[in-house]
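Analysis of the macromolecular model
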Amino acid sequence: MKLVAATVYALRIPFVESFSHSATDRRWSDSVVVRVRDDAGTEGYGEGAPRPYVTGETVETMLDLLARELWPGVAEREVPTLDDFGALTAFLPEIRLAGAIAPHASRAALELAVLDCALRRAGRPLASMLPPRRPRVIYSGVVTAGSVARAVEHARQMRAIGLQHIKVKVGFDDDVARVAAVREAIGPDASLRLDANGAWRFDRAVAVLAAVERFGVAAVEQPLPRGPAEELARLRRAVAVPLMVDESLVTRADAAALIEAGAVDFVNVRISKCGGLAHSLAIAELAGKAGVGVQLGSQVGETAILSAAGRHLAAALPSTAFVEGSFGTLLLAEDVSVESVRFGHRGEAPLLTGPGLGICVVEERLRRRAVAVRELTTGG
Amino acid sequence: MGNGHETLRSTIEKHFARQVESLTMCAEFQALESGRATPDQYDAFIENVARAHLRSPQLLAFLYALAPPAAAADLRHNLLEELGLAAESDRPHPDLLRDLLAGAGLGGRLEALEGQSDADLRRIVVDPLLYGTLREVGLGALTEIVAFEYMLSRVSGRIARALGTHRGIPAPALEWFTHHSAVDVRHAEQGLDDLEAYVRYYDLTDDEALTIVELTLRENVFARRYFRDFVAPSAAEGRR
């Protein structure tokens, strides 16, 4: 099996409502989707979500890297039999991007596309490589930033849906009032996490976390900006709320350093951020061995493609403390697959059993929602 | 509800009014009304209206099945009207939408739009349910139907004028809009009563009901249906 053509779509799918946190405000999905085709006409889809403040990538760098380095590295080469992720990792070129931490969204998009294509060609579901350990996945909700009143409204909506795990965006002047209001809105039984997206300085983090501890906070995500692991370790010693890293964790080396420094209670593994399924698995394994909890996170505005990959990974990991994603048309005005990947009541979602990623992507929707489409062939 | 003097009905009506204002203030609607929209944008709008409402009889039939006794007569009447079997409307409303498409020279799009409407309906059925029981699902559906009646009673006359003036659609083909302009004032009033009756009959608290209303409407349910590329305003603008 050889890959003979690829198409790259830079999407712009409006959100049903805007979503914001301390680092950015999003009103549409800007994912980049890759479609590859093999010599038998089998197609596969992958997706990456560029985040300048996380991996250092933009839509433009993704389009450029995919066309200039990643696609030429796999085109017309024999795709190995995918018995494990090692073969896939070896097949994909390792690339760098000047000024970026790692071009992981680009890599993830291509990895997923190749995987989807190869598994479809073989008539195998991704579950054949990632055997599920549980019959369903249970997702968390995320309360957007904005006014406290809006956060409370969102929290109530999540309670109405029956979500059992809820995360609230913090990093503003009214953090303590915000957390108190959300806790009141969701009641005492749902688990509550915070996500500061690196907005706090050390002293502010200590002060807020001390003040909100009484509201029963299961974890705080990325309290400080990405920086030395020792600083997070110092914060971890200073507060009682468990710490989770997100923006600080992009590479496996990041994970090793953070664990070594005793800086984390949880890691937030995200497929796009971490460079695909193989890298995500490796980081989760490292965390698991160290007794560090794993959250499988998602990208705000991800389409069904990343959500499907996330569903498989969430079902297969030995243990996940929390799982995010699969918002589908709760957030997107339109998703790209025939099947809905959106979670249902209580955040529950079934496993995907079809070949490849287990969804059927509607190419017409990609084309209609794309602001840029690049056709890549073996001729370059 | 934030104010002890507000009733559930008045609070829901305020939500609807805000949504109508959001629609009429959005750039897409203003372009349509002022004549600044392109011919393609007028056509897309007409197609989206048809897609949104071609299968309304089925939704009303579903709601009639769930109707509490106090609202059953209203919902049955609305259903019969949609089907062209009531005194005020001697033609099925989907036929009026077909007239609109034909009057706009878009009759050739009917089959595709019916397919999209069917797919929209199918998705409602096959998507995982967000709520634990049918009473919440029904409240969400009733909210959406009444919200559209409320909006159409206030805005459809303006839309008809805009389409007549700037898109050159003849008056007979605009009957779907003019009919709703005249009839939906009463429907919307009844609908608000029916919503309250539904909430009481199925023992939802006011907070539970309002949460479902908000979740159904989100930032602008009308713009999302009528302008498929509508981008919601920034949440950051509302931050403290």
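Refer to the structure printed above.
Residues numbered from 1 in each chain as written. Chains lettered and ligands numbered in written order. Predicted model: local features only at pLDDT ≥ 70, side-chain atom pairs only at ≥ 80, totals over all residues. Heavy atoms only, no water.

**Quick look at the overall build of chain B**
Counted only if it meets this: Numbering of helices and strands runs from the N terminus, with a helix taken as a DSSP run of H or I at least four residues long and a strand as a DSSP run of E at least two residues long. Here's how the labels work: a residue is buried when its accessible area is under 20% of the maximum for its type, exposed when over 50%, partly exposed in between, all with a 1.4 Å probe on protein chains only. Note that accessible areas follow from Shrake-Rupley with a 1.4 Å probe, and for residues the cover is restricted to the protein chains shown. In this tally, Asp and Glu contribute negative charge and Lys and Arg positive charge; neither His nor the terminal groups of the chain are included. Think of each charge as sitting on NZ of Lys, CZ of Arg, CG of Asp or CD of Glu.
Summing up its helical and strand segments, chain B has eleven helices and zero strands in all. For chain B, the succession of helices and strands along the chain, N to C, is α-α-α-α-α-α-α-α-α-α-α. Here chain B, with 240 residues, has 54% of them falling under the buried criterion. Per element, the accessible surface of chain B, about 10300 Å² overall, is 54% carbon and sulfur. Side chains of chain B carry 25 positive and 37 negative charges; the gap between the two charge centres is 4 Å.

**Looking at the sheet that holds strand 7 (residues 141-143) of chain A**
Residue and element names in this part refer to chain A. For the record, the criterion: Strand pairing requires that DSSP identify at least two bridges connecting the strands.
A sheet is described by the order of its strands in space; here eight strands give the open sequence 7-8-9-10-11-12-13-14, paired in parallel fashion. Edge positions in the sheet fall to strand 7 and strand 14 (322-323), since each has one partner strand and no second. Sheet topology note: the strand 7/strand 8 (residues 165-169) ladder contains three bridges and is parallel. Bridge pairing in strand 8 places Val-143 opposite Val-168.

**A look at the packing of aromatic side chains**
To keep things clear, this is the line we draw: Stacked, edge-to-face and tilted labels apply to pairs of Phe, Tyr and Trp rings (six-membered ring for Trp) whose centres lie within 6.5 Å, assigned for plane angles under 30 degrees, over 60, and everything in between, in that order.
This model, assessed by the stated rule, comprises eleven aromatic pairs over all chains. Taking the centre distance of 5.9 Å and the plane angle of 25 degrees together, the rings of A:Tyr139 and A:Phe343 count as stacked. Here A:Tyr139, found in the loop between strand 6 (136-138) and strand 7, pairs with A:Phe343, found in the loop between strand 14 and strand 15 (348-350); they are 204 residues apart in sequence, far enough to count as distant. For the pair formed by A:Tyr139 and A:Phe343, the shared burial category is buried. Between B:Tyr201 and B:Tyr202 the ring centres are 5.0 Å apart and the planes differ by 80 degrees, which places this aromatic pair in the edge-to-face class. What makes B:Tyr201 partly exposed here is its relative accessible area of 47%. In this structure an aromatic cluster arises from ring pairing among B:Phe45, B:Phe148, B:Phe222, B:Tyr226 and B:Phe227.

**Here's the deal with a nonpolar patch on the surface**
For clarity, the threshold we go by: Here, patches come from residues exposed beyond 30% relative accessible area and free of salt bridges, joined within 9 Å for like charges and within 5 Å for nonpolar side chains (Val, Leu, Ile, Met, Phe, Trp, Tyr). When a carboxyl oxygen of Asp or Glu is within 4 Å of a side-chain nitrogen of Lys or Arg, the pair counts as a salt bridge.
Judged by side-chain polarity, B:Leu80, B:Leu83 and B:Leu85 come together as a nonpolar surface patch covering roughly 260 Å² of accessible area. Along the chain, B:Leu83 falls in the loop between helix 5 (69-82) and helix 6 (93-103).

**Concerning the pairing of strand 2 (residues 13-20) of chain A**
Residues and elements named next belong to chain A. The element strand 2 is largely enclosed, with a buried count of eight among its eight residues. Bridge count between strand 2 and strand 3 (residues 25-29): four bridges; the pairing is antiparallel. Residue pairing for strand 3: Pro-14 is matched across the bridge by Trp-28. Remark: four residues form the turn of the hairpin made by strand 2 and strand 3, two consecutive strands paired antiparallel.

**Points about helix 5 of chain B**
All names here are of chain B. So the rule is basically this: In this analysis, the expected span of each helix is defined as 1.5 Å times one less than the number of residues it contains. The contact definition used throughout considers only heavy atoms, calling two residues in contact when any of these lie within 4.5 Å.
In this model helix 5 runs 20 Å from its N-terminal to its C-terminal C-alpha over 14 residues, within 8% of the 20 Å that 1.5 Å per residue would give. Among the residues making up helix 5, those that are buried are Ala-71, Ala-72, Leu-75, Asn-78, Leu-79, Glu-81 and Glu-82. Residues of helix 5 that are buried in the fold lie against helix 4 (56-66), helix 6, helix 8 (134-167) and helix 9 (175-201). Positive backbone phi, approximately 75 degrees, marks Gly-84, located one or two places after helix 5.

**Details of unusual backbone geometry**
Notably, A:Glu76 is not glycine yet its phi reads approximately 65 degrees, a positive angle. The topology assignment puts A:Glu76 in the loop between helix 1 (59-74) and helix 2 (85-91).

**Looking at the sheet that holds strand 16 (residues 370-377) of chain A**
Paired through their backbone hydrogen bonds, the strands of a sheet run either parallel or antiparallel. All names here are of chain A. Let me state the cut-off plainly: Helix axes are fitted only over the stretch in contact, all axes being lines through C-alpha atoms; the angle between N-to-C directions runs from 0 to 180 degrees.
Strand order in the open sheet made by the four strands is 5-4-1-16, with antiparallel pairing throughout. This sheet does not close on itself; its edge strands, each paired only once, are strand 5 (43-48) and strand 16. Across the sheet, the mean angle from the axis of one strand to that of its neighbour is 15 degrees, orientation sign disregarded. Taken together, the seven bridges between strand 1 (residues 3-11) and strand 4 (residues 32-38) define a ladder with antiparallel strand orientation. From the neighbouring strand, Tyr-9 faces strand 4, where its bridge partner is Val-33. Across the sheet, helix 1 is in contact with strand 1, strand 4, strand 5 and strand 16; its angle to strand 1 comes to roughly 175 degrees.

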